[in-house]
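Spelled out from the first residue to the last, the chains are:
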Amino acid sequence: MGGSESISTGEASQDHLYRDAADKYGSALERLARAYEVDPEKRRDLIQEIHFQLWRSFQRFDARCSTRTWVYRVAHHVAASHVLRERRTFSNLVNLEELETLPDKDQGQFAADKRINLERLSMLIQQLKPLDRQVIISYLEAMDAISIGEITGLSPANVAMRVNRIKNILARRFREGGGHAE
Amino acid sequence: MRSDPPGNDPRTIWQNQPVEPSTMTLETIRRKARELHAKTRRELLGSIATPLAVVVFSALGAAIFNDPLQRIAFALALAWALAGQYFLHRGMWFATLPGDAALISGLEFYRREIERRRYLFHRVLRWSIGPVLLAIGALLLPIVTGGIEERGAFLKMIPFLSLLGIWIADVFVIRMRGQRELQREIEELNGLEKESRL
């Protein structure tokens, strides 16, 4: 009896943790899925998979890291697995160093339409290998180097170097009359 | 660095993108958990189809043909396919799922996933494709050892042998290229890990 009580308490806590996380980070998770999957149908499946794995993961949540780090780790893990499953080859994915040298097809012009800019940004992210994607998504979600390091496992110095590269790439590609991305 | 006008800032563009409201409820999630169990069962059944075909084919081959060497080859293919079922599935269905790995970083998880995929390919090659090739080899044994009198049979088998050649090329050439890419990716991640430790 005690066993079943503790199971139901555990389940309730798991449900509660999941509901809180889904409320707080639901939109960020949708954006994250957009960065990993371009096809709307597959993206919907990916989002469902992220939510499902997040719910499962809260069975083991022990507050060793913040809920935010936990949520992003699970989401990125699921999405990275998705990329590995969907793309059987890495030859068309690049890292940040390679992305810097790739020519910008749109010549750095900022389009008046925000939707087009968002598509360009999403396409740029989708060219990247999963680890660099994690860094750029975290940067776009306004995380600091320490938080990005906790999620990715890279040292803060390495994260700072990558974020700097990302800023330069984004500044070059989203330039409007000489303006720079932050 | 100068700040952009809000409409030009990639962070603003990213964070202000329209998102669909989530339709995930706890009931949907529990249904997905049940579906996952059913899918795992289906995949498990699907994965035994090839070895089962090898077992049936080898058993028939061992029963029908009289050549002792051929019978031994069929028996070996049968034993290999059966042993493969044990080794191939040992641990395969208990592989870490993303949700269980939240305590490890993205770098570590990504490297483990790539290593797992690489290892799985070698395991499939050894325990699933190996017996298939041996069983086919056992079937072709009289042609190889029979000499000139079997030449007619050899000519008849050219279409089959061509398909077999294409399949082997796919497995050993194209997939091996994928393996090399995975290896390069692992080396890159190892380098990153080393840099991060410094």
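In this text the structure is predicted, and so the values were computed from the model without any measurement.

Caption draft 1: Seen up close, the overall build of chain B. Counting its regular elements, chain B contains 7 helices and 0 strands. What you see in chain B, going N to C, is helices and strands ordered as α-α-α-α-α-α-α. The buried share of chain B, reckoned over its 198 residues, is 35%. Taking the contacts inside chain B whose residues are at least 6 apart along the sequence as the reference set, 76% of them involve residues at least 24 apart.

Caption draft 2: Fine view of the interface of chain A and chain B. The interface of chain A with chain B comprises 68 residues on the first partner and 49 residues on the second. For the pairing of chain A and chain B, the buried interface totals around 5,500 Å² over both sides, and the portion due to carbon and sulfur atoms is 60%. Joining chain A to chain B, the criterion identifies 14 residue pairs in polar contact (both at pLDDT 80 or more). Of the residues in the side of chain A that touches chain B, the class split is 25 nonpolar, 21 polar and 22 charged.

Caption draft 3: Just the pattern of salt bridges, in detail. Residues and elements named next belong to chain B. For the structure shown, the criterion picks out 17 salt bridges over all chains. A salt bridge links R34 to E27; the shortest N-O distance between them is 3.6 Å. Here the residues in one salt-bridge network are E108, R111, R112, E115 and E193, joined through shared partners.

Caption draft 4: Looking closely at the environment of B:V171. Residue and element names in this part refer to chain B. The topology assignment puts V171 in helix α7 (residues 158–197). When the C-alpha positions of V171 and R11 are compared, they lie 44 Å apart, and in sequence the two are 160 residues distant. Setting aside residues up to four positions removed in sequence, V171 forms contacts with F121, L125, I129 and M176.

Caption draft 5: Quick look at the packing of aromatic side chains. Taken as a whole, this structure holds 7 aromatic pairs over all chains when the rule is applied. Seen from their ring centres, A:Y25 and A:Y72 are 6.1 Å apart, and the 70 degrees between their planes marks the pair as edge-to-face. With A:Y25 in helix α1 (residues 2–36) and A:Y72 in helix α3 (residues 67–86), this pair connects stretches of sequence that are 47 residues apart. Under the relative-accessibility criterion, A:Y72 is labelled buried at 4%. With 5.9 Å between their ring centres and 75 degrees between their planes, B:F57 and B:F74 make a pair best called edge-to-face.

Conventions used here
Residues numbered from 1 in each chain as written. Chains lettered and ligands numbered in written order. Predicted model: local features only at pLDDT ≥ 70, side-chain atom pairs only at ≥ 80, totals over all residues. Heavy atoms only, no water. Helix = DSSP H or I, 4+ residues; strand = E, 2+ residues; numbered from the N terminus. Buried < 20%, exposed > 50% of the residue type's maximum accessible area, 1.4 Å probe, protein only. Contact = heavy atoms within 4.5 Å. Buried area = accessible area lost by both parts, 1.4 Å probe. Polar contact = N/O pair within 3.5 Å; in protein donor to acceptor, adjacent residues only side chain to side chain. Nonpolar A, V, L, I, M, F, W, Y, C, P; charged D, E, K, R; others polar. Salt bridge = Lys/Arg side-chain N within 4 Å of Asp/Glu carboxyl O. Phe/Tyr/Trp six-rings, centres within 6.5 Å; stacked < 30°, edge-to-face > 60°.

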